[in-house]
Amino acid sequence: MMWLIVIVAVLALFVAVYAWLVLPNLPRRDISALLPYDYAHRGLWNTNDPGEATRPENSLAAFRAAAEKGYGMELDVHLTADGHLVVHHDDSLKRLTGEDVVIGRSTLAQVRACHLPNGEPVPTFDELLETVAGRTPLIVEVKVEKNADALSKAVYERMRRYDGLWCMESFDPMAVRWFRLHAPEVIRGQLAFNAAGKGKTWKLWWRNIGIASMVQDVWARPDFIAFDFKSEKKWCLPMFLLRRMKPWFAAWTVRSQADMDALRGSYDLQIFEKFEAKRPE
């Protein structure tokens, strides 16, 4: 009987400590201005196929189309080697431009020399902000290659001069933590998924354990959890606990109207792609 009591006590302590580690920023803050929008993932893009793409992902054409249709948008920001902010998803430009240029190791001029499938150069963050011009809200994903503080600070300093609604998110808890410590007024989100076993290298595999377990929330204390909704299983312990703590939740990436409609009650924000989302009337 004593062993049973000890086991129960140890399990209870584990759950209590784990719940403290994944604890979000509570009580939850007012994000009502963000809620009336669905968010076009990397803009409202149609295709990345050369010869067919008029609005490839993370292009000014895709962001312009999203703003014109009244969608918010999610976008990815990197820092070049010479300290400039550019909008692109991957660390390398190869997938979209054919040029194996790694953004964090390259100058702005080298990045701008590479062109997206529709002929546009890789856009700067300034160009994106000028294109949207505050018409709809932005979810700015801080894409950390090596220096979370430098990138986070650069994003924040630029956004202080932007007259529009926005929030930030990142897979890297150190970026979210930077905003928690230095820009607490900014709504911040922690990206996550339930896929700890993914990753071709030990370093990536270990990083994914942190993402999937969400123990990184101890540094980030995010206002919302941006979660890969398809990986939310009944046995997902961090989401089970977080659902009971009731922070805000954002779903990524939604690829059908049917999924979007089904998620309305369980996710507060939705990031979508490959269709034009419709909101309930």
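Residues numbered from 1 in each chain as written. Predicted model: local features only at pLDDT ≥ 70, side-chain atom pairs only at ≥ 80, totals over all residues. Heavy atoms only, no water.

Attention now goes to the packing of helix H5 (residues 125-132) against helix H6 (residues 148-159). A pair of packed helices is captured by two measures, namely the crossing angle of their axes and the spacing between those axes. Two elements in contact, H5 and H6, have axes whose closest approach is 12 Å; the angle formed by their N-to-C orientations is 35 degrees. Regarding H5 and H6, the two cross each other, and that crossing is right-handed. Between H5 and H6, the residues in contact are Phe125, Asp126 and Leu129 and Val155, Arg158 and Met159, respectively. Looking at the contact of H5 with H6 residue by residue, the class counts come to four nonpolar, no polar and two charged. (Axes fitted to C-alpha atoms, helices over the stretch in contact; angles between N-to-C directions. Helix = DSSP H or I, 4+ residues; strand = E, 2+ residues; numbered from the N terminus. Left-handed = near helix turned anticlockwise from the far one by under 90°. Contact = heavy atoms within 4.5 Å. Nonpolar A, V, L, I, M, F, W, Y, C, P; charged D, E, K, R; others polar.)

As a further point, take the pairing of strand E9 (residues 269-272). Neither face of E9 is open: one carries Leu269 and Ile271, the other Gln270 and Phe272, and all of them are buried. As paired strands, strand E1 (residues 39-41) and E9 are joined by two bridges and run parallel to one another. Note on E9: the bridge partner recorded for alanine 40 is phenylalanine 272. As defined by bridge partners, strand E8 (residues 248-254) adjoins E9 across three bridges and the pair is classed as parallel. Note that in E9 the partner of alanine 251 across the bridge is glutamine 270. Of the crossover connections in this fold, the one passing from E8 over helix H11 (residues 257-263) to the parallel E9 is right-handed. (Buried < 20%, exposed > 50% of the residue type's maximum accessible area, 1.4 Å probe, protein only. Pairing = 2+ DSSP bridges. Right-handed = clockwise from strand over helix to strand, strands pointing away.)

The geometry of an aromatic ring pair is captured by the separation of the ring centres together with the interplanar angle, meaning the angle of the planes. This model, assessed by the stated rule, comprises 10 aromatic pairs. Here phenylalanine 171 and phenylalanine 193 contribute two aromatic rings whose centre-to-centre distance is 5.8 Å and whose plane-to-plane angle is 55 degrees, an arrangement assigned as tilted. In this pair, phenylalanine 171 is assigned in the loop between strand E5 (166-170) and helix H7 (173-182) and phenylalanine 193 in the loop between strand E6 (188-192) and helix H8 (202-213), connecting sequence segments 22 residues apart. Through a chain of ring-to-ring contacts, the aromatic side chains of Tyr156, Trp166, Trp178 and Phe179 assemble into a single cluster. For the cation-ring pair, arginine 243 lies above tyrosine 267, with the distance from its terminal atom to the ring centre recorded as 4.8 Å. Arginine 244 extends its terminal NZ or CZ atom over the ring of phenylalanine 240, reaching a point 3.7 Å from the ring centre. (Phe/Tyr/Trp six-rings, centres within 6.5 Å; stacked < 30°, edge-to-face > 60°. Lys NZ or Arg CZ within 6 Å of the ring centre and 35° of its normal.)

On to unusual backbone geometry, then. The peptide bond linking leucine 26 to proline 27 adopts the cis configuration, its omega dihedral lying at -5 degrees. Mapped onto the secondary structure, proline 27 falls in the loop between helix H1 (2-21) and E1. Between tryptophan 252 and the following residue, threonine 253, the backbone shows a cis peptide bond with an omega angle of -25 degrees. The topology assignment puts threonine 253 in strand E8. One non-glycine residue, methionine 214, lies in positive phi territory at about 65 degrees. Turning to its location among the elements, methionine 214 is positioned in the loop between H8 and helix H9 (217-220).

With that settled, the discussion passes to H6. Since the α-helix advances by 3.6 residues per turn, residues separated by three or four positions end up pointing in the same direction. Between its terminal C-alpha atoms H6 stretches 16 Å, which fits the 16 Å expected from 12 residues at 1.5 Å a residue. The inward-facing, buried residues of H6 contact strand E2 (72-79), strand E3 (85-87), H5, strand E4 (138-142), E5 and H7. Sitting at the amino-terminal end of H6 is asparagine 147, which places a side-chain oxygen 3.3 Å from the backbone nitrogen of aspartate 149. (Expected span 1.5 Å × (residues − 1). Polar contact = N/O pair within 3.5 Å; in protein donor to acceptor, adjacent residues only side chain to side chain.)

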